[in-house]
Amino acid sequence: MIRAYKFLLRPTAGQEAALKSMLADHCSLYNGALQERRDAYRHSSKTSIKYGDQSAQLKAIRAFDPERQGRWSFSSQQATLRRLDKAFQAFFKRVKDGLTPGYPRFKGVGHFDTVTFPKDGDGCRWDSTPEARQSRVRLQGVGHVRVHQYRPVRGRVKTISVKREGRRWYVVLACDDVPTTPLPATGSIVGIDMGTTHFFTDSHGNHEENPRFLESMAEELAKAQQYLSTFPKHTRRRTKKHRDAARKVAKLHAKIRRQRLDHHHKTALALVREHDVIGHERLNTVGMTKTPTPKPDPEQPGGFLPNGAAAKAGLNRSILDAGWGLFLGILAQKAESAARCVVPVDARNTSRTCPPEIGGCGHVAKENRISQAKFECVKCGLAENADRVGALNVLHRAGLVLCAEA
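The rules behind these values
Residues numbered from 1 in each chain as written. Predicted model: local features only at pLDDT ≥ 70, side-chain atom pairs only at ≥ 80, totals over all residues. Heavy atoms only, no water. Helix = DSSP H or I, 4+ residues; strand = E, 2+ residues; numbered from the N terminus. Contact = heavy atoms within 4.5 Å. Areas by Shrake-Rupley, 256 points an atom, 1.4 Å probe, with all protein chains shown as cover. Lys, Arg positive; Asp, Glu negative; His and termini not counted. Charge placed at Lys NZ, Arg CZ, Asp CG, Glu CD. Phe/Tyr/Trp six-rings, centres within 6.5 Å; stacked < 30°, edge-to-face > 60°. Buried < 20%, exposed > 50% of the residue type's maximum accessible area, 1.4 Å probe, protein only. Polar contact = N/O pair within 3.5 Å; in protein donor to acceptor, adjacent residues only side chain to side chain. Pairing = 2+ DSSP bridges. Axes fitted to C-alpha atoms, helices over the stretch in contact; angles between N-to-C directions.

A word on the overall build of the protein chain
Logical step 1: When you go through the protein chain residue by residue, the secondary structure sums to 11 helices and 14 strands.
Logical step 2: Principal-axis analysis of the C-alpha atoms places the extent of the protein chain at approximately 80 × 65 × 45 Å.
Logical step 3: Considering only contacts within the protein chain whose residues lie at least 6 apart along the sequence, 64% involve residues at least 24 apart.
Logical step 4: Put simply, the protein chain shows about 23,000 Å² of open surface, and 53% of that area lies on carbon and sulfur atoms.
Logical step 5: Distance between charge centres in the protein chain, computed from 68 positive and 40 negative side chains, equals 7 Å.

Next up, the structure:
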């Protein structure tokens, strides 16, 4: 089992300056390697440069610029070059699949926020003794930085990353061979239906309220963004007031993100503790939040048919605020750690099918869903809450999946 641990760093002023220099120098290395690949392809008969070619040059680069590149870990710089190589591999894959290519971009210092150390002990030292609690982590070129380790690290530390989020610094440990801690069996199986009115509804009819963190802070966030937009473009990033305004917006977004993450962890843990098997819809949130493309029509004002983009934008915002994909990922991780079973099922027509679990006829029809909250089968007359109907059908399909696997 693989798990990631994330702990807050508490560097001194000097250590924070060194951390910023480390990010800046790795960013410079990333951009230089990207420039080399672009120039080689444009001016040398479309020559492609691979990771191995650039990694072989790293020793000479460190010797040429010991003050900037030579003081950092060799393996962390290799990881930065490998990060660029993965970006190009993803680019070529999108081209091959006929998707929007998205050529790799140069990184600004403010957008390059992570340095990875591929091996514990090579430029970064973490005490990997089981159940150990340590107060510092050693980083080459930075020193021994205080770390707030609030829980023991289990498993074998595979990679260590230093990440900046706003004005905070974190150390992220990727561990494998993490032992599971099975919970006592409860004999309960449940299906959940994700939503925006309620965060989810389970097959017992219980509703988990949607906290709507983005909506609750929308007014404060809008004021901060409006103030940020008052700065003329030619003065941006040049004045202290603009930097403070940008920092304010970033701080609000970070707070919303932390609140959402905390809610997802607590909610997922409660589900895992109460149920042995949890069924949920297999959701493609990326596809669900795409804005529809307007169809051309010369007779319409503007030359396009109305496509409901405004209403869709509101729905997209609600889906992204709920964070279904993040929650389901956390739920799967916690279930694996507790030796529980999570069963994703096909999401089609879960809210339009008369549920057999409570004596329904199984009839599928669009007309069964009367409103957002009401379900009434046009064939047998069964009436029930629409969200619970979806959860019951998820539960039924999860049971079929388990029977097929048995």
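Points about the packing of aromatic side chains
Aromatic ring pairs are described here by two measures, namely the spacing of the ring centres and the angle between the planes.
Logical step 1: Considering all chains together, one arrives at 12 aromatic pairs under this definition.
Logical step 2: Aromatic pair Phe 199 and Phe 327: ring centres 5.0 Å apart, planes at 80°, arrangement edge-to-face. Of this pair, Phe 199 sits in strand E9 (residues 198–202) while Phe 327 sits in helix H10 (residues 324–337), and the two are 128 residues apart along the sequence.
Logical step 3: Given the relative accessible area of 1%, Phe 199 is considered buried.
Logical step 4: An aromatic cluster is present here, built from Tyr 5, Phe 7, Trp 126 and Tyr 150 joined pairwise through their rings.

Overview of the side chain of Ser 161
Logical step 1: Relative to the elements of secondary structure, Ser 161 occurs in strand E6 (residues 156–165).
Logical step 2: A polar atom in the side chain of Ser 161 sits 3.2 Å from the side chain of Thr 116.
Logical step 3: Those residues in contact with Ser 161 that sit more than four places away from it in its chain are Thr 114, Val 115, Thr 116, Tyr 170, Val 171 and Val 172.

Observations regarding the sheet that holds strand E11 (residues 277–281)
Logical step 1: Strand order in this open sheet of five strands is E10-E9-E8-E11-E12, and the pairing throughout is mixed. In this open sheet, the two edge strands, each paired with only one partner strand, are strand E10 (207–209) and strand E12 (341–345). Each strand axis lies, on average, 25° off the axis of its neighbour in the sheet, ignoring direction.
Logical step 2: This element, helix H11 (residues 386–405), spans strand E8 (189–194), E9, E11 and E12 of the sheet and lies at about 130° to E8.

Describing the environment of Ile 2
Logical step 1: Of note, Ile 2 is situated in the segment before strand E1 (3–10).
Logical step 2: Note on Ile 2: relative accessible area 66%, which makes it exposed.
Logical step 3: Expressed as a C-alpha distance, the spacing of Ile 2 and Arg 317, which sit 315 residues apart in the sequence, is 31 Å.
Logical step 4: Excluding residues that lie within four positions of it along the chain, Ile 2 makes contacts with Cys 175 and Asp 176.

Remarks on the pairing of E6
Logical step 1: Relative to E6, strand E2 (residues 114–117) runs antiparallel, the two being bridged by four bridges. Its bridge partner lying in E6, Phe 117 is registered against Ile 160.
Logical step 2: Bridge count between E6 and strand E7 (residues 168–176): nine bridges; the pairing is antiparallel. Residue pairing for E7: Lys 163 is matched across the bridge by Tyr 170.
Logical step 3: Once E6 ends, the chain turns through two residues before running back antiparallel as E7, passing Gly 166 with a positive phi of about 65°.

Focus on the sheet that holds strand E4 (residues 136–139)
Logical step 1: If you walk across this open sheet you meet the seven strands as E2-E6-E7-E1-E5-E4-E3, and the pairing is antiparallel. The open sheet has two edge strands, E2 and strand E3 (124–125), and neither has a second partner.
Logical step 2: Of the strand pairs in this sheet, E1 and strand E5 (residues 143–148) are connected by three bridges, and their pairing is antiparallel. The residue bridging Arg 10 from the neighbouring strand is Arg 146, located in E5.

So, unusual backbone geometry
Logical step 1: The backbone phi angle of Arg 212 is positive, close to 50°, even though this residue is not glycine.
Logical step 2: Along the chain, Arg 212 turns up in the loop between E10 and helix H5 (213–216).
Logical step 3: Given the relative accessible area of 25%, Arg 212 is considered partly exposed.
Logical step 4: Even without glycine at this site, Asn 349 takes up a positive phi of about 60°.
Logical step 5: In this structure, Asn 349 sits in the loop between E12 and strand E13 (374–376).

All quantities given are derived from atomic positions and should not be read as evidence of function.
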